[in-house]
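Secondary and tertiary structure notes
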Amino acid sequence: MSGYVDPSTGRTYPLSEARWRADSGHYLNLAPAPGLRRADIETSCRSVWRYAKALLVDVADAVSLGEGCTPIVPGEWNGARVLYKLEFMMPTGSFKDRGTTVMVSYLRSRGIGRVLEDSSGNAGASLAAYAAAAGLACRILVPETASYPKIAQIAACGADVVTIKGSRQDVAEAALRQSHDVFYASHNWQPFFVDGIKTLAYELWEQLGFAAPDNLVVPLGYGSNVLGAERGFAELGRNGEIARGPRLFGVQAARCAPYEAAFRAGVDALVPTAIGPTIAEGIATARPTRVAEVLRAVRESGGDIVAVEEAEIVEALRGLARRGLYVEPTSAVAAAGLTRLLASGNIATDETTVLVLTGSGLKASATIGDLLQLAPRQDDR
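Here the structure is a predicted model, which is why all the values come from computation and not from measurement.

Some points on the overall build of the chain
Within the chain, the secondary structure is distributed over twelve helices and 13 strands. At 20 Å, the chain has a C-alpha radius of gyration in line with the 21 Å of a compact globule built from 381 residues. The buried share of the chain, reckoned over its 381 residues, is 56%. Counting contacts in the chain only where the partners sit at least 6 residues apart, residues at least 24 apart contribute 70% of the total.

Following this line, the structure appears as structure tokens:
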């Protein structure tokens, strides 16, 4: 039966009331959903809503900007066959739209008229855009150090952008305080976001001729791509559409790698680890929310979590761009991780490996220019 579940107590809540956490203050998950079979795909729909029968929101309530149905491009990486999943080709330039469309559709259907989020990047831009499409008032809290291009993308959609002094954690805590007055539509807390991200699994399954890949490699910050993929492929497995899901591989920046430290320690909670600044700002998450669930999903799939250095990220960024794949540094983290996984033999060159590219390089062109030391050649004629 569909509903919210507090994993710390087992208490359930109905979906009729929009929530982002339990009465205990713990985060919530969604109970297992029935999913769909291939005959249930609405093939005339060119968005994630082609899988509406697998979603817990009535398609009549959908707020869509045409997200999903992103290309899958065959190529090679360090001698291995790879399928590049171009999630950056979404309406707001990142994979976040896949989850935001479902979350915003649900919230509006439950009468929520104002939403709040803390983000300086892709999540804020995505929520601002979908809130605008849904006619919702939107407030985004950002660090005072947030770059103007990111603020501009968020504000252009009509969101109320507010800068907060201090660290990224200070911004999150400010959002928690303000959640008493405005619904906290956090992609890290509200579980309908992950229910939208699971359409990545459905889409890959359909694009691969109704089969699952051997490996899925993603940048890892809070872990929504890992949890969404696990949820989607599990539904396909329960419906007999696949024998098993892919191995899940999360890649972190070594300067901010709390999941990697916990994974190596063999535990299901965060362990003390040094945290520093990284060019992969989109996954610079020191205190992720669903730690145990992400670690379990990776372990049970037979996958791994690896951390890569800044120089490796830059080299991967350059390698992707030279293949015509212009992504932000956070996306390049996954490619850098794939380099390590191939070198260690953890991923074989002849396996079906999907590399998920999550964010557009157009969001970070100034940074990319500096990292790759790019400048035009002057014609002295």
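Quick look at the packing of helix 6 (residues 199-207) against helix 7 (residues 224-238)
Interaxial distance between helix 6 and helix 7 falls to 6 Å at its minimum, and their mutual angle equals 55°. By the angle between their axes, helix 6 is oblique relative to helix 7. In this structure, helix 6 contributes L200, A201, Y202 and W205 to the contact, and helix 7 contributes N225, A229, G232, F233, E235 and L236. Its residues assigned to classes, the contact of helix 6 with helix 7 comprises seven nonpolar, two polar and one charged.

Re the sheet that holds strand 11 (residues 247-253)
The strand order across the open sheet formed by six strands is 4-5-13-10-11-12, and the pairing between neighbours is mixed. The strands lining the two open edges of the sheet, one partner per strand, are strand 4 (72-77) and strand 12 (304-308). Pairwise comparison of adjacent strand axes, ignoring direction, gives a mean angle of 30° for this sheet. Sheet strands in contact with helix 6 are strand 4, strand 5 (80-86), strand 10 (215-219) and strand 13 (353-357), and its direction is about 125° off that of strand 5.

Notes on the nonpolar core
Formed by 54 residues in total, the largest nonpolar core has its most connected members in Y4, Y106, L107, V115, L127 and F192. Here this core takes seven residues from helix 2 (residues 122-134), the largest share from any one element. Dropping the residues within four chain positions of it, V115 is found in contact with L107, L127, A131, L136, A137, C138, R139, V182, F183 and A185.

Observations concerning the sheet that holds strand 8 (residues 160-164)
Across the sheet, which stays open at both edges, the four strands sit in the order 8-7-6-9 with parallel pairing between neighbours. Edge positions in the sheet fall to strand 8 and strand 9 (183-184), since each has one partner strand and no second. Bridge count for strand 6 (residues 114-118) against strand 7 (residues 137-143) is five bridges, and the pairing is parallel. Note that in strand 7 the partner of D118 across the bridge is L141. Packing against the sheet, helix 4 (residues 168-178) makes contact with strand 6, strand 7, strand 8 and strand 9, and its axis sits at approximately 150° to strand 7.

Concerning the packing of aromatic side chains
For any pair of aromatic rings, the description rests on two quantities: the centre-to-centre distance and the angle between the ring planes. Counted by the stated rule, this structure contains eight aromatic pairs. Ring plane angle 80° and centroid distance 6.2 Å describe the contact between Y4 and F192, whose orientation is recorded as edge-to-face. Taken together, the positions of Y4 in strand 1 (residues 4-5) and F192 in helix 5 (residues 192-197) put the pair 188 residues apart, joining distant regions of the chain. Take Y4 and F192: they sit in the same class, and that class is buried. A ring pair is formed by W20 and W189, whose centres lie 5.2 Å apart and whose planes are at 85°; its orientation type is edge-to-face. Placement of the pair is W20 in the loop between strand 2 (12-13) and strand 3 (29-30) and W189 in the loop between strand 9 and helix 5, with a sequence separation of 169 residues. Its relative accessible area of 8% is what places W20 among the buried residues. We classify W189 as buried; its relative accessible area is 17%.

So, the pairing of strand 8
Where strand 7 lies against strand 8, five bridges are found, and the strand directions are parallel. Across the sheet, the residue bridging to I140 is V161, located in strand 8. With helix 3 (residues 148-156) bridging strand 7 and its parallel neighbour strand 8, the resulting β-α-β unit is right-handed.

Description of helix 2
End to end, helix 2 covers 18 Å across 13 residues, agreeing with the expected 18 Å (1.5 Å per residue, within 8%). The element helix 2 is extensively covered by neighbouring structure, given that eleven of its 13 residues are classed as buried. Taken together, the buried positions of helix 2 are N122, A123, G124, A125, S126, L127, A128, A129, Y130, A131 and A134. Elements in contact with the buried residues of helix 2: helix 1 (96-109), strand 6, strand 7 and helix 3.

Topic: the pattern of salt bridges
The tally for this structure, following the rule as stated, stands at 22 salt bridges. A salt bridge links E351 to R247; the shortest N-O distance between them is 3.4 Å. With E351 in the loop between helix 11 (329-343) and strand 13 and R247 in strand 11, this pair connects stretches of sequence that are 104 residues apart. Of the charged contacts, one joins E312 and R340 as a salt bridge, the two residues approaching to 2.7 Å between their closest N and O atoms. With a gap of 28 residues between them, E312 in helix 10 (residues 310-321) and R340 in helix 11 connect regions that are remote in the sequence. Through salt bridges with shared partners, a single ionic network connects K85, E87, R98 and E203.

Rules used throughout
- Residues numbered from 1 in each chain as written.
- Predicted model: local features only at pLDDT ≥ 70, side-chain atom pairs only at ≥ 80, totals over all residues.
- Heavy atoms only, no water.
- Helix = DSSP H or I, 4+ residues; strand = E, 2+ residues; numbered from the N terminus.
- Rg over C-alpha atoms; globule rule 2.2 N^0.38 Å.
- Buried < 20%, exposed > 50% of the residue type's maximum accessible area, 1.4 Å probe, protein only.
- Contact = heavy atoms within 4.5 Å.
- Axes fitted to C-alpha atoms, helices over the stretch in contact; angles between N-to-C directions.
- Parallel < 35°, antiparallel > 145°, perpendicular 65-115°, else oblique.
- Nonpolar A, V, L, I, M, F, W, Y, C, P; charged D, E, K, R; others polar.
- Pairing = 2+ DSSP bridges.
- Core = buried A, V, L, I, M, F, W, Y, C linked by side-chain atoms within 4.5 Å.
- Phe/Tyr/Trp six-rings, centres within 6.5 Å; stacked < 30°, edge-to-face > 60°.
- Right-handed = clockwise from strand over helix to strand, strands pointing away.
- Expected span 1.5 Å × (residues − 1).
- Salt bridge = Lys/Arg side-chain N within 4 Å of Asp/Glu carboxyl O.

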